[in-house]
Amino acid sequence: MRADLTPRDIEILKTVAEYRILTTSQLTLLIFPSQQMARKKVRELKAVGLLKMAERPSDSSTGRPESIVCLTSLGLKVLKDSGEIDAGTTGDQITDLDFRSLGHQLLVNWVWIHLAQLVRQRSYLKVDFLSPSIDRGRYEISLPDSRIATSIIPDGIFSITDTRQGKSLLFFLEVDMGTETLSSSDTKTTDIRKKILSYQQVFRAGSYKQFEENLPAPFRGFRTLFVANTEARSLQLCRLVRSVPTTNFIWLTDQNSLFKSGISAGIWTKGGDTKSGLHSILGVSQSFEYQLPLYK
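Conventions used here
- Each chain carries its own residue numbering, running from 1 in the written order of its sequence.
- Restriction of local features to residues with pLDDT of at least 70 applies here, the model being predicted, together with a cutoff of 80 or more for giving and counting side-chain atom pairs; totals for whole chains, interfaces and linings are based on all residues.
- Hydrogens and waters are ignored; side-chain quantities use all the structure's heavy atoms.
- Salt bridges, as used here, are contacts in which a Lys or Arg side-chain nitrogen is within 4 Å of a carboxyl oxygen on Asp or Glu.
- Counting from the N terminus, the helices are the DSSP runs of H or I reaching at least four residues and the strands are the DSSP runs of E reaching at least two.
- Per-residue accessibility, obtained with a 1.4 Å probe over protein chains only, is compared with the maximum for each type, and a residue is labelled buried under 20%, exposed over 50%, and partly exposed between these values.
- Residues count as neighbours in contact if any of their non-hydrogen atoms are within 4.5 Å of one another.
- In a helix, the anticipated span is given by 1.5 Å times the number of residues less one.
- Polar contact is defined as a pair of N or O atoms within 3.5 Å, subject to the rule that within protein one atom must be able to donate a hydrogen and the other to accept it, and that residues adjacent in sequence are counted only when both atoms are side-chain atoms.

Caption draft 1: Summary view of the pattern of salt bridges. Scanning the entire structure with this criterion turns up 15 salt bridges. A salt bridge links Lys40 to Glu44, with the shortest nitrogen-to-oxygen separation between them at 2.8 Å. Of the two residues, Lys40 and Glu44 are both situated in helix H3 (residues 35-47); the distance of 4 residues between them amounts to about one turn of the helix. Classification of Lys40 as partly exposed rests on a relative accessible area of 48%. Given a relative accessible area of 34%, Glu44 falls into the partly exposed group. Close ionic contact of Arg164 with Asp162 constitutes a salt bridge, the shortest N to O distance being 3.6 Å. One connected set of salt bridges, linked through shared partners, spans Asp9, Lys40, Lys41 and Glu44.

Rendered as structure tokens:
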């Protein structure tokens, strides 16, 4: 580790690496007590070549542009040299700043941040997740029937453990920005229906058991969570999921519901069945609402 870097600096660099790209708002929610402090530290780490920054347009037409931050190749080397990241980790999944998929990446990050908030709200809950950047090599799940696809790569893989009961649930995350085809007869086209059928294969074959080593817990199944960017898109996905038999393990919600009530609230539609009410991924007895704190 470089002599001029503190353990706090290393923590910041590793957090950025794990999330790949973070806005200053997101980084504040994860580590800092204020955005002002976050921006100051990011500028310091940028000045020594460990972080790089770019501006993204604000969601509001009158709002100030918000900085997005990612690791540089030098920052990645520092993490490798300090043993925080495996020396064989490739940089393209960590240091590349891809604006084409920025909205998708940031929504994936918001789900992770909501999971971090979940643990802050309920200390008996424990969340383990595989970073889509650092742990990318562990994300590919091979499928036994290659007629649909040879493998599937989720947007996120994590577990939630109730430490009081010693029970863990495995989750696969799919973030949908409304750009993917819902269903296609073309075998070469990647579509949502093929994803659903692929997850069914994972369930039947028990392939999800491979994650018991990385997320140390026994799993008896899993849930696939679809988070859509709009409510209208979520309803479209619900209709598609309902059309496929045996899909109760697929739960769906939308971005606005996530931010309004929190990931632990009753915001999830089970199996696409909009008539059966909304559910919590923690179960009825542990369902609760919260909102992310706002920092200035």
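Still more ground to cover, so stick around.
Caption draft 2: How the structure looks around the side chain of Asp9. Tracing the backbone shows Asp9 in helix H1 (residues 7-19). Under the relative-accessibility criterion, Asp9 is labelled buried at 5%. When residues no more than four places from it in sequence are discounted, the contact partners of Asp9 are Asp4, Lys41 and Leu45.

Caption draft 3: Broad picture of helix H7 (residues 192-205). Over its 14 residues, H7 extends 20 Å from the first C-alpha to the last, a length consistent with the 20 Å expected when each residue adds 1.5 Å. Burial of H7 is extensive: 10 of the 14 residues sit out of reach of the surface. Taken residue by residue, H7 has Ile192, Lys194, Lys195, Ile196, Leu197, Ser198, Tyr199, Gln200, Gln201 and Val202 as its buried positions. Against strand S5 (141-142), strand S6 (151-152), strand S8 (167-176), strand S9 (223-228), helix H8 (231-242) and strand S10 (250-254) lie the buried residues of H7. By the N-cap criterion, in which a side-chain oxygen at the helix start approaches the backbone nitrogen of a residue two or three places on, H7 is capped by Asp191, the distance to Arg193 being 3.0 Å. Directly beyond the C-terminal end of H7, a positive phi value near 70° is found at Gly206.

As far as function goes, none of this settles anything; it's purely spatial.
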